[in-house]
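# A look at the structure
Spelled out from the first residue to the last, the chains are:
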Amino acid sequence: MTSTKSATAQACANIALVKYWGKRDSALNLPAASSLSLTLDALRTTTTVTFDDGLTGDEFELDGQAAATGRLGPWLDLVRKRADITTFARVVSENNFPTASGLASSAAAFAALAVAATEAAGLSLGRTELSELARRGSGSAARSIFGGFALMHRGERCDGTDCVAEELLARDEWPLRMVIAVVGGGKKKSVSSRDAMDHCAETSPLYQAWIGCVAKDIDDASSAIMSRDLSALGAVTQGSAMAMHAAAMASRPPVRYWQPSTLRCLDAVEALQESGLHAYPTMDAGPHVKVLTNEEHCEEVATGLRQLEGVSGVIISHAGPGAHLLPSAE
Ligand code: 2P0
């Protein structure tokens, strides 16, 4: 008789308002600077982890298709070591958004995994420990353990135990919106963020300047969140994204995620700003443009982006909850 133990968890993607771009330690996946994000309700991953004595290796299924385990296996080893088990796991994951849209997020993936895998392994971890474990899979995943606004600390310790996120403000305490313009037909990104940030750190003459501006951005964004000052938060959000992309573009050879439609979106957002709307753009390791706005202005922002050439879809998201267990499907 084989023995199995299963748990299901759900986590949301997050979008950084102050970006994470560069590491101080690759083995432990420690970021070179802090970051700050908004967890998004519209982009969710649901993951079931089953430790099964009958398995001869880890298995992974994503959106109904068998997938390569990649960095999942070494990450599951961390959970097994902690729980003192050797059993392999079956991981079944589903995104509530098209995987091919280019929005598939390792943040939601490893946050859901951290909650599901530790529960299935019989561990009982607090949010801080879950954040640390999620970070080992993907730096941004440490933030998705928390809902609302999350602050990821760079930390000082070599072992990474203080390199964790915390919730700055709960999601219902400031009802902002993120409008996502999906650009470029959702093609897969050309360079992974992990490779790109390492390459940027090694070759970009602007990398140190980028790292040098993060601490003040974190302070300014945190103050803006505490005082619910959207103009101030928007200015930091836009500035952090542009600084990160400037450093990436100055890499040799360059890392450029922008497409012609990306610029169309940025032009449209600038026009919306000039017309008096709250609309502040940010971008990650892809061509999509995400716009921070409020409840009142989000429909107008979405309409402005939807009509642009090269924009294949627009998603309006509320702030989302932290990663959490779901009732077992049995
Ligand atoms: C962010 N990004 O702060 C930044 C902005 C992409 C651009 O976090 O190497 O997939 O797995 O720790 O978390 C994407 O980086 O990188 C990311 P790893 P991750 O959201």
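Residues numbered from 1 in each chain as written. Predicted model: local features only at pLDDT ≥ 70, side-chain atom pairs only at ≥ 80, totals over all residues. Heavy atoms only, no water.

## Notes on the overall build of the protein chain
- What the protein chain contains, in helices and strands, is nine helices and 14 strands.
- Projected onto the principal axes, the alpha-carbon positions of the protein chain cover approximately 65 × 40 × 40 Å.
- For the protein chain, the proportion of its 330 residues judged to be buried stands at 55%.
- Long-range contacts, defined as pairs at least 24 residues apart, comprise 76% of the intrachain contacts of the protein chain with a sequence gap of at least 6.
- Counting every atom, the protein chain has about 14000 Å² of accessible surface; 51% of that belongs to carbon and sulfur.
- Here the protein chain contributes 29 positive and 38 negative side-chain charges, whose respective centroids are spaced 4 Å apart. (Helix = DSSP H or I, 4+ residues; strand = E, 2+ residues; numbered from the N terminus. Buried < 20%, exposed > 50% of the residue type's maximum accessible area, 1.4 Å probe, protein only. Contact = heavy atoms within 4.5 Å. Areas by Shrake-Rupley, 256 points an atom, 1.4 Å probe, with all protein chains shown as cover. Lys, Arg positive; Asp, Glu negative; His and termini not counted. Charge placed at Lys NZ, Arg CZ, Asp CG, Glu CD.)

## A few points about the packing of helix H2 (residues 106-120) against helix H3 (residues 127-137)
- Where H2 contacts H3, the two axes come as close as 8 Å, and the packing angle between them is 125 degrees. Relative to H3, the element H2 is oriented oblique. For the pair H2 and H3, the sense of crossing is right-handed. Contacts from Phe110, Ala111, Ala114, Val115 and Thr118 in H2 reach Leu130, Leu133, Ala134 and Gly137 in H3.
- Along the lines of polarity and charge, the residues of the contact of H2 with H3 split into seven nonpolar, two polar and no charged. (Axes fitted to C-alpha atoms, helices over the stretch in contact; angles between N-to-C directions. Parallel < 35°, antiparallel > 145°, perpendicular 65-115°, else oblique. Left-handed = near helix turned anticlockwise from the far one by under 90°. Nonpolar A, V, L, I, M, F, W, Y, C, P; charged D, E, K, R; others polar.)

## Considerations on the nonpolar core
- One finds Trp21, Leu36, Phe149, Leu233 and Leu305 to be the most contacted residues of the largest nonpolar core, which totals 68 residues.
- Residue-level mapping places this core at the junction of two domains, with at least three residues from each of domain 1 (4-171) and domain 2 (177-318).
- Beyond its immediate stretch of four places on either side in the chain, Leu305 contacts Val179, Ala181, Cys265, Ala268, Val269, Val291, Val311 and Val314.
- Phe51, Trp75, Ala116 and Ala121 belong to the second-largest nonpolar core, a separate cluster that totals 38 residues. (Core = buried A, V, L, I, M, F, W, Y, C linked by side-chain atoms within 4.5 Å. Domains from an automatic or database assignment.)

## Quick notes on the pairing of strand E12 (residues 289-294)
- In terms of burial, E12 is largely enclosed, as six of its six residues are buried.
- Of the strand pairs in this sheet, strand E10 (residues 176-183) and E12 are connected by six bridges, and their pairing is antiparallel. Along E12, the bridge assignment pairs Arg177 with Thr293.
- Strand direction decides the pairing type here: strand E11 (residues 280-282) and E12, joined by three bridges, are antiparallel. When the bridges of E12 are listed, Thr282 appears paired with Lys290.
- Hairpin connection between E11 and E12: a loop of six residues separates the two successive antiparallel strands. (Pairing = 2+ DSSP bridges.)

## Considerations on the environment of Glu295
- Mapped onto the elements, Glu295 comes out in the loop between E12 and helix H9 (298-306).
- On the basis of relative accessible area, Glu295 is assigned to the partly exposed category, the value being 49%.
- Residues within four places of Glu295 in sequence aside, it is in contact with Pro175 and Arg177.

## As for the environment of Arg306
- You can see Arg306 is positioned in helix H9.
- In this structure the C-alpha to C-alpha distance between Arg306 and Val269, which are 37 residues apart in sequence, comes to 12 Å.

## A look at the domain arrangement of the protein chain
- Segmentation of the protein chain into domains returns domain 1 (4-171) and domain 2 (177-318).
- Distance between the C-alpha centres of domain 1 and domain 2: 23 Å.
- Across the contact, 32 residues belong to domain 1 and 41 residues belong to domain 2.
- Overall, the association of domain 1 and domain 2 removes approximately 2900 Å² of surface from exposure, summing both partners, and the carbon and sulfur fraction of that is 73%.
- Broken down residue by residue, the surface that domain 1 buries against domain 2 is led by Leu17, Lys19 and Trp21, which jointly contribute 30%. (Buried area = accessible area lost by both parts, 1.4 Å probe.)

## Section: empty space enclosed by the protein
- Under the definition given, this model contains one cavity of 30 Å³ or more.
- By volume, the largest cavity amounts to about 30 Å³. (1 Å grid on protein atoms, 1.4 Å probe; cavity = no way out; pocket = protein on both sides within 12 Å on 5 of 7 lines; lining within 4 Å. Points joined across faces, edges and corners; volume = space filled by probe spheres on them.)

## Observations regarding the sheet that holds E12
- Read across the open sheet, the four strands follow the order E11-E12-E10-E13; overall the sheet is antiparallel. The sheet is open, and its two edges are formed by E11 and strand E13 (311-317), each paired on a single side. The sheet shows a mean angle of 25 degrees between the axes of neighbouring strands, taken without regard to direction.
- Taken strand by strand, helix H8 (residues 260-274) contacts E10, E11, E12 and E13, and its axis lies near 160 degrees from that of E11.
- This element, H9, spans E10, E12 and E13 of the sheet and lies at about 170 degrees to E13.

## Comments concerning the site of the ligand
- In the neighbourhood of the ligand, 19 residues make up the surrounding shell, with Tyr20, Lys23, Ser138, Gly139 and Ser140 lying closest.
- For the ligand, an oxygen atom lies 2.7 Å from a polar atom in the backbone of Gly139.
- Relative to its free-state accessible area of 470 Å², the ligand is covered by the protein chains to the extent of 94%.
- Per-element accounting of the shell around the ligand gives the leading share, three residues, to helix H5 (residues 193-203).
- Tallied by class, residues from the shell around the ligand come to six nonpolar, seven polar and six charged.
- No fewer than three residues from each of domain 1 (4-171) and domain 2 (177-318) sit in the shell around the ligand. (Near = heavy atom within 4 Å. Polar contact = N/O pair within 3.5 Å; in protein donor to acceptor, adjacent residues only side chain to side chain.)

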